[in-house]
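These are the residues of each chain, in order.
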Amino acid sequence: MPPLLQLDRVTIRFGGLTAVSEVSATVDERELVGLIGPNGAGKTTLFNMVTGVYQPTAGSIAFDGLPTEGLRPFDLTARGIARTFQNIRLFPSLTVFDNVRVAFHLHLRHDATHSLTRGRKFQTEETELRERTRDLLGIFGLERVQDEPAKSLPYGDQRRLEIVRALATRPKLLLLDEPAAGMNPAEKVELMKLIQFIQEKFKLAILLVEHDMKVVMGICQRIHVLEYGRKIAEGTPAEIRADPAVIAAYLGQEHG
Amino acid sequence: MPPRSQLWLLAALALAGVVSAFSGRLDSYVLDVAMGVGINIVLAVSLNLINGFTGQFSLGHAGFMAVGAYTSAMLTTTLGTKLGGSPALLQWVLFPASLLLGGLLAALAGLAVGAPSLRLKGDYLAIVTLGFGEIIKVVLQNVDAVGGARGLIGVPAYTDLFWTFGAAAVTVYAVWGLLNSAYGRGFLAVADDEVAAEAMGLDTTRYKITAFVVGSFFAGVAGGLYAHLKGYLNPGGFDFNKSIEIVVMVILGGMGRHVGVIIAAVLLGVLSETLRSFGDYRMIIYSLLLIVLMLTRPQGLFIWPLWKKKST
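Residues numbered from 1 in each chain as written. Chains lettered and ligands numbered in written order. Predicted model: local features only at pLDDT ≥ 70, side-chain atom pairs only at ≥ 80, totals over all residues. Heavy atoms only, no water.

Enquirer: What's the story with the environment of Ala238 of chain A in this structure? I'm lost.
Expert: Residues and elements named next belong to chain A. Positionally, Ala238 belongs in helix H9 (residues 237–242). Ala238 sits in the exposed class, given a relative accessible area of 52%. Between the alpha carbons of Ala238 and Thr68 there is a distance of 32 Å; along the sequence they are 170 residues apart. (Helix = DSSP H or I, 4+ residues; strand = E, 2+ residues; numbered from the N terminus. Buried < 20%, exposed > 50% of the residue type's maximum accessible area, 1.4 Å probe, protein only.)

Enquirer: Just checking my understanding: could you explain unusual backbone geometry for this structure?
Expert: Backbone geometry follows two general trends: most residues other than glycine have a negative phi, and most peptide bonds adopt the trans configuration. All names here are of chain A. At Arg9, a residue that is not glycine, the phi angle is positive and equals roughly 45 degrees. For Arg9, the position within the fold is in strand E1 (residues 5–14). Phi is positive for Lys203, close to 50 degrees, though the residue is something other than glycine. Along the chain, the position of Lys203 falls in the loop between helix H7 (185–202) and strand E8 (205–209).

Enquirer: Before we go on, may I ask you to explain the interface of chain B and chain A in this structure?
Expert: How big an interface is tends to be stated in terms of accessible area lost as the parts join. Tallying the contact residues gives 34 residues for chain B and 37 residues for chain A. Here chain B and chain A share 3 salt bridges between them. Here Asp193 of chain B ties to Arg89 of chain A by a salt bridge, and the two come within 2.9 Å at their closest N and O atoms. Counting every contact that joins chain B to chain A gives 13 residue pairs in polar contact (both at pLDDT 80 or more). Looking at the side of chain B that touches chain A, the elements with two or more residues in it are helix H1 (4–21), helix H6 (161–179), helix H7 (185–192), helix H8 (194–199) and helix H9 (204–230) of chain B. When the residues that make up the side of chain B that touches chain A are grouped by side-chain class, the tally is 16 nonpolar, 12 polar and 6 charged. (Contact = heavy atoms within 4.5 Å. Salt bridge = Lys/Arg side-chain N within 4 Å of Asp/Glu carboxyl O. Polar contact = N/O pair within 3.5 Å; in protein donor to acceptor, adjacent residues only side chain to side chain. Nonpolar A, V, L, I, M, F, W, Y, C, P; charged D, E, K, R; others polar.)

Enquirer: In this structure, what is going on with the side chain of Ser23 of chain B? I would like to understand it.
Expert: Residue and element names in this part refer to chain B. Looking at the secondary structure, you find Ser23 in the loop between H1 and helix H2 (28–53). Note on Ser23: relative accessible area 13%, which makes it buried. Among the polar contacts made by the side chain of Ser23, one reaches the main-chain carbonyl oxygen of Ser20 at a distance of 2.7 Å. Every residue in contact with Ser23, bar those within four places of it in the chain, is listed here: Leu31 and Leu161.

Enquirer: I would appreciate a short explanation of a nonpolar patch on the surface in the present structure.
Expert: Together, Phe278, Tyr281, Ile284, Leu288, Ile291 and Leu295 of chain B give the surface a local cluster of nonpolar side chains, amounting to about 680 Å² of exposed area. Tracing the sequence through the fold places Ile291 of chain B in helix H12 (residues 282–296). (Patch = residues over 30% accessible without salt bridge, like charges linked within 9 Å, V, L, I, M, F, W, Y side chains within 5 Å. Areas by Shrake-Rupley, 256 points an atom, 1.4 Å probe, with all protein chains shown as cover.)

Rendered as structure tokens:
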């Protein structure tokens, strides 16, 4: 079976700067993969290419066996890639409920005209969707705050809501961009449990960009390591921990 | 059983019809102001869809109004005499058809203006629509077939209370209906964060164009009503000031609020009439009022917890 996500010698240049250079990597179905590297290694840039925000200068990306070249972010979301952002990007003035409801819309048939005619089919679909939204919020304990505007939630809940909203698009691959940023150790433990729970419950693949080694080493099945836009290592957490190139990248080279 | 929102619409239309039937007893000046208020509501609510709910900034609403006004006025003045027919027939068949056509042409103009400029992020739309409004005005001033700078005269007075408030009710229903669905919440999402909206699978350009075209359509309908209320069209009446007047209604009512914007449309319509007795000082008082209001209530006049948005 081909991998769910396949990067083949992906390169992107911004003017004279090569942010990502010839990176090849794969994510299999229902696999939890980590992507680590020092600051500025090109992790988020790689994310943005996978989600269609940037187009690679060279190389190719395939998702679910099909090339993603030229597709815009919403096309890719429709094909099954969902993401969260490094700096949380909710719809701040919308309620918690509506944040998730909007994301569900992707799999509906109705549009502007149906919103105006409000026929029977439209109404059943809307009711069904409301129930599904409530269920999903319930799984993550957010139903109590569903009528609050998203911006009024505490930080941890906003992070959680962003993940829930991404799940509402029914992805096959979920990209999490530094979900542990700004969390204390106790919250990080919670987050690790949450990520594993999601992967099992929703049967999806997760690509996790993270700075926090404990989080990545603790839950990922496989890890890719980037440095200065190049991939320097790939392997299980144990292999990565012992890899001399990775140690050098993180702790510095030993001289003499 | 139709949904409750449609029952409300029917009730509003029926009410407009009943009030209109007894409008003969009203003072003609009061009637005139009331119809102006109805047209204001159509304009403000439709612009609110673009500027308020979808977070774009159009400065050309008067331009789309002009497209609708001239289209529908040309239709009734030229076809009306040719068709002959009873006045009632003309008012109940030809007039609504002309309003619809005016709206459609305005929507088409909206598509032509919006499709290229809404792909861009930022303030491009404001500049492009500002230019569009001016172009329309200049074109109308120079086309003799529509009266040129002298204006178009002899437009039949078909507009009455039923048509103005009927149109207002339909506009409110359409904008409300469009927004109150899982699909419709996408407009608000686009206003909040375009990048996140794209990542959630929303085609943001399509949403923005939809809002713009629907808003332009109702601006065109309002133009048609205006033409058949005044009986006379002058290109200068659809200038930048008119667009600003509509923008002010939306801002005062609170961008992206249903009830507030309707109240603002009513208040500003009545206010500009009452201030008429101050003669030349009218615009000074009007501007001062706006400055004070903007300083004291920048979030809009009619916002209090009573109308807090709920996820119903």
